[in-house]
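# A closer look at the structure
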Amino acid sequence: MIEPGGVDDPLADGFAAREPWAFEEAYRRFGPLLYSTAYNVLGNAEDAADCVHDALARVWRSSNAYTKARGAVRSFLTVCVRNEAISRTRSQARRTRLSERLAAEPQEYEELGAGDPIERDRLRAALSRLPPEQSEPLRLAYFQGKTHTEIAAELETPLGTIKSRIAQGLRKLGAALRDGEGPRRYE
Amino acid sequence: MSSGEHIGELAELYAIGALGESERRDVERHVAGCTACGQRLGEAEDDVAAMEAARLQRDPPEQLQRRVRAMLHRPAGQWSRYAPAVAAALILGLLPSAFFWEQNRTMHAAMEADSAAIGRVASTPHRSVAFSQMSDGSAASVMYGPDGSWYVVLVRGASRALSVAWMHDGQRTMLGTATPHGDVAMLYLPKSHRMNQLALMDGDRVVAQAQLAY
C-alpha cells in the first residue's frame, strides 16, 4: 500500500522535483495538519496562516530542501512548519504572549473536543509512560519550544544528557504511536 | 556539529524544534548531501508529525490556499523583467541629479540612496516578491536581503509618490516614501530586522501589500 505523502507516493517524486502541482497537492492533502501545527505553536489564525505560507515558500525556493531519503512529505512539511513557527515565537515581541498562552496548555490539552480522541488518548498515554527524566525535557521542547541549551540550563543537567533524553523520549513516543513497534535504535 | 560529522541525535532535536537557528541550518546543510542522516531525520519527523496529528485539527482559512497557489505560480525572477525599466529610470534620474546636486541637496541624497540600492542589489544575494495588484495598473515589488538587513521597494508605472509602511502586530510603522523618477518610484531601506509584511499607501489608504518570506 502506498502511504499518502510517503516516499512511494508519486507526490514525493513531484515534490522532490519541485513541481508546482506537487506543492499544490501537498497543501490540499496536508493543509489542515500544517495549519493546525502552526496554530498550536503560535496561538492565532493570522500568524498561523502566515507561518504556513512562509514555510512553504522557503521550501519552494530552496533547491535541495527535500530529498526522497527524507521520507514522507507530510512529516517533512509538518516539521518545516513547526520549526518556522517556533522561530517566530522566539522573537522577543511574541515571547511574553507565548509564555502566557503556553502556561494554559495543559488545560487546553485536556479540553480538546475535536480531532481524533483515540489518537489523542494514545499521545497522552504514551507521554505518561515515558520516564520523567525523558518526558520532562521532551515536554519543554515540544510544548514550550525551548532549545536544548535552555532545557539543560533549566533542569541543571548536562547538555549531552538532555540531548540523549529528548532523542530517546521522542523515539519511544513515536514507537508507541506506531502501534507498539519497538523504537528505532541508533548507535 | 563539525563539518563532515553525522547529525546523530540532532535529528530528533531538529524534528522536535529544540535546536537554535544556526544548528538547524547546519543540520539542513548536512542532510542535503547525506542519505543516512536524511533517513534518520525523516523518521524523527514521522514521530513529530504523529504527535501533531493527535492534537486538535483546524481548517485553514480559504485565503491561505490562494496565497500558496499565487506563490507557486509567480514567475521566477520576476524582478528581472523590471530591470531594464529601472536601469533606464535610474540613469535618467541619477544623471540630472549629479549635475544639479550642489543646488539640490535633497535630490543628491536620493541619488546616494539609489546608488546604495543598486550596489546592494548588484552585489548581494537577494529575494524578490511582488506586491498585490494595484487598481491604477502600476506594479510594485520589493527586493530584500535574506537576513532582512535591506529592502528596495520599486513601483513601476508610478504616477505619484507612495508611502511604504511595515505592518506588524496590528500596527503600521511608516518607513518612507517612494518618489517617482520617470515612471519608476524607488525607496531604499537599510534596516536591521526582518519585516514580514509591507504595505504601499496613498495617503491613509493601503493600495497594495506584500508578504515577505525568509
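Remember, it's a predicted structure, so these values are computed and weren't measured experimentally.

## Some thoughts on the overall build of chain A
In terms of regular secondary structure, chain A is built from 10 helices and 0 strands. Listing every helix and strand of chain A by position from the N terminus yields α-α-α-α-α-α-α-α-α-α. Each of the 187 residues in chain A was classed as buried or not, and the buried ones make up 42%. Considering only residue pairs separated by 6 or more positions, chain A has 59% of its internal contacts joining residues 24 or more positions apart.

## Some details on the overall build of chain B
When helices and strands are tallied, chain B shows 6 helices and 8 strands. For chain B, the sequential pattern of α-helices and β-strands runs α-α-α-α-α-α-β-β-β-β-β-β-β-β. A total of 214 residues make up chain B; the buried ones form 36% of that total. Long-range pairs, those at least 24 residues apart, make up 52% of the contacts in chain B with a sequence separation of at least 6.

## Digging into helix 2 (residues 20–42) of chain A
For an α-helix, the turn length of 3.6 residues means that residues three or four places apart are oriented alike. Residues and elements named next belong to chain A. For helix 2, spanning 23 residues, the distance from its first C-alpha to its last is only 27 Å, which falls clearly below the expected 33 Å at 1.5 Å a residue. The sharpest bend along helix 2 reaches about 70° and sits at Phe 30, with the proline Pro 32 one to four residues further on. Positive phi appears at Gly 43, one or two residues downstream of helix 2, with a value of about 80°.

## Structural notes on the interface of chain A and chain B
With 64 residues of chain A at the contact, the number on the chain B side is 49 residues. Of the residues forming the side of chain A that touches chain B, the biggest block, 12 residues, is contributed by helix 2 of chain A. The residue makeup of the side of chain A that touches chain B, split by class, is 31 nonpolar, 18 polar and 15 charged.

## Describing the confidence of the model for chain B
Residue and element names in this part refer to chain B. Across chain B, the average pLDDT comes to 80, with 74% of residues at or above 70. Element-level pLDDT for chain B is lowest in helix 5 (residues 78–99), with a mean of 54, against a maximum mean of 96 in helix 1 (residues 10–16). pLDDT under 50 marks residues 99–103. Its contacts with residues more than four places away, or in other chains, come to 4 contacts. Interface confidence in the predicted complex, given as ipTM, is 0.84; pTM for the same model is 0.61.

## Remarks on the packing of helix 8 (residues 132–144) of chain A against helix 9 (residues 148–155) of chain A
Residues and elements named next belong to chain A. Two numbers describe how helix 8 lies on helix 9: the axes approach to 10 Å, and their chain directions differ by 135°. One way to sum up the angle between helix 8 and helix 9 is to call them oblique. Classified by chirality, the crossing of helix 9 by helix 8 is right-handed. Facing helix 8, whose interface residues are Glu 136, Pro 137, Leu 140 and Ala 141, helix 9 presents Ile 151, Glu 154 and Leu 155. Along the lines of polarity and charge, the residues of the contact of helix 8 with helix 9 split into 5 nonpolar, no polar and 2 charged.

## Re the nonpolar core
Inside soluble globular proteins, nonpolar side chains tend to come together where they are buried. One finds Ala26(A), Ala38(A), Val52(A), Val81(A), Ile166(A), Ala15(B) and Ile16(B) to be the most contacted residues of the largest nonpolar core, which totals 70 residues. When residues in this core are grouped by element, the largest group, 12 residues, is from helix 2 of chain A. If you look at the next biggest cluster of nonpolar residues, it comprises 28 residues, including Ala140(B), Val184(B), Ala185(B) and Met195(B).

## Observations regarding the packing of helix 4 (residues 73–89) of chain A against helix 3 (residues 35–53) of chain B
Interhelical geometry of helix 4 of chain A versus helix 3 of chain B gives an angle of 75° and a closest axis separation of 8 Å. Classed by the angle they form, the pair helix 4 of chain A and helix 3 of chain B counts as roughly perpendicular. From helix 4 of chain A, Arg74(A), Ser75(A), Phe76(A), Thr78(A), Val79(A) and Arg82(A) reach across to helix 3 of chain B, where they touch Gly42(B), Glu45(B), Asp46(B), Val48(B), Ala49(B) and Glu52(B). Along the lines of polarity and charge, the residues of the contact of helix 4 of chain A with helix 3 of chain B split into 4 nonpolar, 3 polar and 5 charged.

## Observations concerning the pairing of strand 3 (residues 150–156) of chain B
All names here are of chain B. In terms of burial, strand 3 is largely enclosed, as 6 of its 7 residues are buried. With 6 bridges joining them, strand 2 (residues 139–144) and strand 3 adopt antiparallel strand pairing. Looking at the pairing, Ala 139 lines up with Arg 156 of strand 3. Linking strand 2 back to strand 3 in an antiparallel pair, the connection comprises 5 residues, with Gly 148 at a positive phi of about 75°. Across 7 bridges, the pairing between strand 3 and strand 6 (residues 184–190) is antiparallel. The partner of Val 155 across the bridge, within strand 6, is Ala 185.

## Focus: the sheet that holds strand 2 of chain B
All names here are of chain B. Pairing within the open sheet is antiparallel, and its 8 strands lie in the order 1-2-3-6-5-4-7-8. Each of the sheet's edge strands pairs with one partner strand only, and the pair in question is strand 1 (127–130) and strand 8 (205–211). Across this sheet, the average inter-strand angle for adjacent strands is 25°, counted without regard to direction.

## Thoughts on unusual backbone geometry
Although it is not a glycine, Glu156(A) adopts a positive phi angle of roughly 50°. The residue Glu156(A) is located in the loop between helix 9 and helix 10 (159–177) in this model. For Glu156(A), a count of 6 C-beta atoms within 10 Å gives the class exposed. You will see that Asp169(B), though not glycine, has its phi angle at about 50°, which is positive. Relative to the elements of secondary structure, Asp169(B) occurs in the loop between strand 4 (162–168) and strand 5 (171–181). When the 10 C-beta atoms within 10 Å are taken as the criterion, Asp169(B) is described as exposed.

## Quick word on the environment of Ala65(A)
Mapped onto the elements, Ala65(A) comes out in the loop between helix 3 (45–61) and helix 4. According to the C-beta neighbour criterion, Ala65(A) is partly exposed, with 18 such atoms within 10 Å.

Conventions adopted
- Residues numbered from 1 in each chain as written.
- Chains lettered and ligands numbered in written order.
- Predicted model: local features only at pLDDT ≥ 70, side-chain atom pairs only at ≥ 80, totals over all residues.
- Helix = DSSP H or I, 4+ residues; strand = E, 2+ residues; numbered from the N terminus.
- Buried ≥ 20, exposed ≤ 12 C-beta atoms within 10 Å, placed from the backbone.
- Contact = placed C-beta atoms within 7 Å.
- Expected span 1.5 Å × (residues − 1).
- Bend = angle between axes of the 7 residues up to and from the residue.
- Nonpolar A, V, L, I, M, F, W, Y, C, P; charged D, E, K, R; others polar.
- pLDDT = per-residue confidence, 0-100.
- Axes fitted to C-alpha atoms, helices over the stretch in contact; angles between N-to-C directions.
- Parallel < 35°, antiparallel > 145°, perpendicular 65-115°, else oblique.
- Left-handed = near helix turned anticlockwise from the far one by under 90°.
- Core = buried A, V, L, I, M, F, W, Y, C linked by C-beta atoms within 7 Å.
- Pairing = 2+ DSSP bridges.

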